[in-house]
Amino acid sequence: MPKEFLTYQQQMEKLRSSGLRIENEEVCRRVLADIGYFPVVNGYQSFFRDPSTRVYREGATFGDILALYEFDVELREIMLDALLKVEAKIRSALAYEFCAAYGESQSKYLDARCYATSKGAKRVLPKLLNMLDYIANKDTSHEYLAYYRRAYKNVPLWVAVNAMTFGQISKMLTALRDNEKTKIAKRFGVGNPKELSSFIRVLALYRNVCAHGERLFSHRCHVEIPDTTLHAKLGIEKIGPDYVCGKVDVFSAVITLRYLLRDDEFKAFKAKLVKCVNGYFSLDESIGEERLLEAMGFPAEWKKITRYKI
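The model shown is predicted, which means the values in this text are computed figures rather than measured ones.

Here's the deal with the overall build of the protein
- Looking only at helices and strands, the protein has 15 helices and two strands in total.
- Expressed as lengths along the three principal axes of its C-alpha atoms, the size of the protein is roughly 65 × 45 × 35 Å.
- Split into buried and exposed, the 310 residues of the protein put 50% on the buried side.
- Taking the intrachain contacts of the protein between residues at least 6 apart in sequence as the baseline, contacts between residues at least 24 apart amount to 67%.
- Counting every atom, the protein has about 16,100 Å² of accessible surface; 51% of that belongs to carbon and sulfur.
- A distance of 8 Å separates the average location of the 48 positive side-chain charges in the protein from that of its 39 negative side-chain charges.

Here is the structure:
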């Protein structure tokens, strides 16, 4: 049966019938009206109720759910700001190194011969070239593209990349030849181009989570970052050969940002992150520090991430 429509009052009664205490009806009604039942309640209630009985644990309140939601909103804002910095750096580096190798003509980035012949490149290349062709010759939603077409009959890659999503940038990086990949990787102090591709792919996925307002703090990617020196230096626990965290969780994105941001940028990011996490614990202790950090994939010594050289 489809879910039936419920008024705000009925939504509050539904929460109460499941054992949730609503301390302030006016606040609850405003949240349900301004944000919605699904993003707040459905998105965060699982941390406050028994999964088998679907009944809220004793003492759980709507304020607990709202506090976790607001923490996640702040976390998304902090992460997105850092991700946008990396995105800009990758756009710039990719355009520079490709044009340095093949020139400024759009015919070059539309030519499959200017890309690698690996399995990964062949997998993404058809859609990539179609997308680039659309940007160069057909896209009318960006005035700067139309201007370059009119004025120069050519849209160089350093212009075209600005109309590409982070996911598309990630796919283009995958398709590049090793020479260009290596030069881009060296810019970020990453010795292995495959490692850089993995980093960017994971960040692109987390970028989508942040941009679309999805729950971030407990998100798990379907791809993982490679083992890094930071995993070992932070003493992250292993089960067999595998690290238990920092691979597909939010902390994997934090590790990646540690590699791809400048030291001063990462320190500023970490300061905001520490303030966000500490701020949540000071306002609401309903989940507990250990459980929250476990959900985020943060090891006990996560704050020491800036102590180690990479």
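A look at the pattern of salt bridges
- Overall, the coordinates contain 18 salt bridges when judged by the stated rule.
- Notably, a salt bridge pairs D263 with R258, separated by 3.3 Å at the nearest N-O pair.
- When the shortest N-O distance is used, the salt bridge between E265 and R262 registers 3.2 Å.
- Among the residues examined, E265 registers a relative accessible area of 13% and is labelled buried.
- Shared partners join several salt bridges into a network, and the residues in it are K89, R262, D264 and E265.

So, how was this worked out
Residues numbered from 1 in each chain as written. Predicted model: local features only at pLDDT ≥ 70, side-chain atom pairs only at ≥ 80, totals over all residues. Heavy atoms only, no water. Helix = DSSP H or I, 4+ residues; strand = E, 2+ residues; numbered from the N terminus. Buried < 20%, exposed > 50% of the residue type's maximum accessible area, 1.4 Å probe, protein only. Contact = heavy atoms within 4.5 Å. Areas by Shrake-Rupley, 256 points an atom, 1.4 Å probe, with all protein chains shown as cover. Lys, Arg positive; Asp, Glu negative; His and termini not counted. Charge placed at Lys NZ, Arg CZ, Asp CG, Glu CD. Salt bridge = Lys/Arg side-chain N within 4 Å of Asp/Glu carboxyl O.

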